[in-house]
Amino acid sequence: MPTFPDDPATLIGDDDRETAARRLQEAYAGGYLSHEEMDARLHRALSATTREELASALASLPEPQEEDPATIAAAGGRIVRRGAWRVPRTLKVQSAYGRVRLDLSRAVIEHAVVDIELQLGTGRARITVPHDAIVDVERLHAGWKDVLYKVPRRTSGPAGPTIRISGAMGFGRLKVRHARR
């Protein structure tokens, strides 16, 4: 894949502006910016068209901290997460044998992309995602049975978070389904 120089005059897209806005809001919440300073920088970030303009809006902010991946592990038995639980950016689920059930339909999902890495020996796994989520299971290696996932028909409206499922499953099956509205 070719690499491009990080030219300050390079045009930016909506994702870049949204990421910058999120960083500014986090800096304000952390006490690094006053309300007036955040408003001014937020206006600059959202109206920026080049990397250079965006960088000026983010100047002198602390670097964003990478969130450590959260791990849920069990040698056997069940792993269950449901209700209003906070979904981390990266979640590792490890189970030698037993059932895994992750229900993200009512979970608090603060990230546009959530990576779930499954390391399962035997047993079944079921993941329920929000009805508007986009699911990617291409990086999951299923040793014994195929992944059960039916891509829903899209309706008009904004897409929800992207849930990327990767890892390896030995003797078991993963079933992914979308929650009802």
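Everything quoted here is computed from the prediction, not taken from an experiment.

Cut-offs used in this document
- Residues numbered from 1 in each chain as written.
- Predicted model: local features only at pLDDT ≥ 70, side-chain atom pairs only at ≥ 80, totals over all residues.
- Heavy atoms only, no water.
- Helix = DSSP H or I, 4+ residues; strand = E, 2+ residues; numbered from the N terminus.
- Buried < 20%, exposed > 50% of the residue type's maximum accessible area, 1.4 Å probe, protein only.
- Contact = heavy atoms within 4.5 Å.
- Patch = residues over 30% accessible without salt bridge, like charges linked within 9 Å, V, L, I, M, F, W, Y side chains within 5 Å.
- Areas by Shrake-Rupley, 256 points an atom, 1.4 Å probe, with all protein chains shown as cover.
- Salt bridge = Lys/Arg side-chain N within 4 Å of Asp/Glu carboxyl O.
- Lys, Arg positive; Asp, Glu negative; His and termini not counted.
- Charge placed at Lys NZ, Arg CZ, Asp CG, Glu CD.
- Arc of directions from axis to C-beta.
- pLDDT = per-residue confidence, 0-100.

Across the chain, the bulk of peptide bonds are trans and the bulk of non-glycine residues have phi less than zero. In this model, S60 sits at a positive phi of 70°, which is unusual for a non-glycine residue. Within the fold, S60 resides in the loop between α3 (51-58) and β1 (70-74).

Moving on, we come to the environment of V114. Looking at where V114 falls in the secondary structure, it is placed in strand β7 (residues 113-129). On the accessibility criterion, V114 (0% relative accessible area) is buried. Spatially, the C-alpha atoms of V114 and L91 are 7.8 Å apart, while their sequence positions differ by 23 residues. When near neighbours in sequence (up to four residues on either side) are disregarded, V114 contacts V87, P88, R89, I109, T162, I163 and R164.

This paragraph deals with a positive patch on the surface. Among the surface-exposed residues, R78, R99, R101, R124, R126, K145, K175, R177 and R180 lie close enough to one another that they form a single positively charged patch. Elements supplying a minimum of two residues to the positive patch: β5 (99-103), β7 and β10 (162-178). Following the sequence through the fold, K175 ends up in strand β10. With a relative accessible area of 41%, K175 lands in the partly exposed category.

Let us look at α3. When we look at burial in α3, the residues that qualify are L54, A57 and L58. Burial along α3 is one-sided: seen end-on, the buried residues are contained in an arc of 95°. Summarising the contacts, the buried residues of α3 are in contact with α1 (14-29) and α2 (35-47). Residue S60 follows α3 closely and has a positive phi angle near 70°.

Let's shift gears to the confidence of the model for the protein chain. Averaged over every residue, the pLDDT of the protein chain is 86; the share at 70 or more is 91%. Overall, residues 1-5 carries pLDDT values under 50, and its contacts beyond four positions in sequence, including any with other chains, amount to one contact.

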